[in-house]
Amino acid sequence: MRILITAGPTREFFDSVRFISNPSSGKMGYAIAAQAADRGHEVILVSGPVGLQEPPGVHLVRVVSAEEMFKACVAEFDTCQCAVMTAAVCDYRPVTRLEHKLKKQNKPRTIQLEPTEDILANLGRVKGSRVVIGFAMEDHDHHAHAEEKLRRKHCDAIVLNGMSNVASDDATVEILRAGGTWSAPSTGSKPQIASVIVDLVEELVSFCP
Ligand code: CTP
């Protein structure tokens with residue numbers, strides 16, 4: 001099977017050196033990519049800037065911004081049977097990127113932001129019978145928000161990710177399949193959780209025509 005996986009944060013620059021981002025480490029996405037490649041799947045890993053080794057046997061596409069991640073995913077998804085979207089994509093980008101470093105002034109500054117592309121929602125819209133799995137990062141009303149994302153982004157399953165998983169070596173996740181009920185929480189190292197998620201991918205893809 002050919003699987004598209006996104007991982008890591010994106011960076012949205014507002015001048016030549018400064019950007020908006022988040023602390024995503026990419027560990028979950030890289031662990032899923034490594035596990036899927038170990039099982040003999042063809043893996044396209046589209047990754048924002050992270051400090052991780054390229055997993056063996058994986059085709060790594062390095063990107064920086066949400067726009068670059070979007071373009072890379074749209075190009076690769078055509079030939080994939082499944083997408084697993086673990087990336088912490090910035091929801092907003094500065095409207096302008098200054099050519100030079102913004103000089104300090106002793107007064108408040110405002111940076112105007114505009115929405116980035118929702119990559120998962122876009123793939124969900126065109127997926128047809130392909131399998132799309134989202135991750136939901138929530139800090140309150142976890143189930144309700146994750147369920148809403150699953151429906152709105154046309155996912156086949158969504159993985160609920162708590163804030164304590166961010167940049168950690170371990171994770172606790174719960175999984176909701178479209179039309180199903182929440183799984184019991186799974187806790188383990190990210191490679192162990194990756195194995196649970198690749199099991200899910202293989203099962204969902206096996207139901208596809
Ligand atoms: N996602 C994406 N493109 C974006 C934002 C999110 O592909 N511009 C994907 C993430 O990779 C994840 C899912 O959508 O699989 C949910 O991301 P999350 O950050 O939990 O939710 P958001 O859609 O950004 O909504 P909110 O920030 O309001 O919770």
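Keep in mind it's a predicted model, so treat the numbers as computed, not measured.

**Observations regarding the site of the ligand**
(1) Moving on: Residues in close proximity to the ligand total 15 residues, the closest being Met85, Ala87, Leu120, Lys149 and Lys153.
(2) Moving on: Between the ligand and the protein, one listed contact pairs an oxygen atom with a backbone N or O atom of Phe135 at 2.9 Å.
(3) Moving on: With respect to the ligand, the side chain of Lys149 contributes an N or O atom lying 2.8 Å from an oxygen atom.
(4) Moving on: In isolation the ligand has 570 Å² of accessible area, and contact with the protein removes 79% of it.
(5) Moving on: Here the shell around the ligand takes 4 residues from strand E9 (residues 131–138), the largest share from any one element.
(6) Moving on: Counted by class, the shell around the ligand contains 8 nonpolar, 2 polar and 5 charged residues.

**Structural notes on the packing of helix H2 (residues 66–77) against helix H3 (residues 119–126)**
(1) Moving on: Orientation of H2 relative to H3, taken along the N-to-C sense of each, is 20 degrees, at an axis distance of 10 Å. In this view, H2 runs roughly parallel relative to H3, as classed from their interaxial angle. The way H2 lies across H3 gives a crossing that is right-handed. From H2, Ala66, Met69, Phe70, Cys73 and Phe77 reach across to H3, where they touch Ile119, Asn122, Leu123 and Val126.

**Details of the packing of aromatic side chains**
Aromatic ring pairs are described here by two measures, namely the spacing of the ring centres and the angle between the planes.
(1) Moving on: Enumeration according to the criterion identifies 1 aromatic pair in this entry.
(2) Moving on: A cation over a ring is seen here: Arg97 above Phe13, with NZ or CZ 4.3 Å from the ring centre.
(3) Moving on: Positioned above the aromatic ring of Phe77, the side-chain terminus of Arg130 is 3.9 Å from the ring centre.

**Points about the state of the cysteines**
Formally, a disulfide is one covalent bond, and it connects the sulfur atom of one cysteine to the sulfur atom of another.
(1) Moving on: Counted by the stated rule, this structure contains 0 disulfides.
(2) Moving on: No disulfide involves Cys73; its nearest neighbouring cysteine sulfur is the one of Cys80, lying 9.1 Å away.
(3) Moving on: Judged by its relative accessible area of 0%, Cys73 is buried.
(4) Moving on: Lacking any disulfide linkage, Cys90 is separated from the closest cysteine sulfur, that of Cys73, by 14 Å.

**Remarks on the pairing of E9**
(1) Moving on: Counting buried residues in E9 gives 7 out of 8 residues, a clear majority hidden from the surface.
(2) Moving on: Pairing of strand E6 (residues 82–85) with E9 involves 4 bridges; the strand directions are parallel. Following the sheet pairing, Cys82 is matched in E9 by Val131.
(3) Moving on: Strand direction decides the pairing type here: E9 and strand E10 (residues 157–162), joined by 6 bridges, are parallel. Paired with Phe135 across the two strands is Val159, which belongs to E10.
(4) Moving on: Running through helix H4 (residues 142–152), the crossover from E9 to the neighbouring parallel element E10 is right-handed.

Definitions and limits used
Residues numbered from 1 in each chain as written. Predicted model: local features only at pLDDT ≥ 70, side-chain atom pairs only at ≥ 80, totals over all residues. Heavy atoms only, no water. Near = heavy atom within 4 Å. Polar contact = N/O pair within 3.5 Å; in protein donor to acceptor, adjacent residues only side chain to side chain. Areas by Shrake-Rupley, 256 points an atom, 1.4 Å probe, with all protein chains shown as cover. Helix = DSSP H or I, 4+ residues; strand = E, 2+ residues; numbered from the N terminus. Nonpolar A, V, L, I, M, F, W, Y, C, P; charged D, E, K, R; others polar. Axes fitted to C-alpha atoms, helices over the stretch in contact; angles between N-to-C directions. Parallel < 35°, antiparallel > 145°, perpendicular 65-115°, else oblique. Left-handed = near helix turned anticlockwise from the far one by under 90°. Contact = heavy atoms within 4.5 Å. Phe/Tyr/Trp six-rings, centres within 6.5 Å; stacked < 30°, edge-to-face > 60°. Lys NZ or Arg CZ within 6 Å of the ring centre and 35° of its normal. Disulfide = S-S within 2.5 Å. Buried < 20%, exposed > 50% of the residue type's maximum accessible area, 1.4 Å probe, protein only. Pairing = 2+ DSSP bridges. Right-handed = clockwise from strand over helix to strand, strands pointing away.

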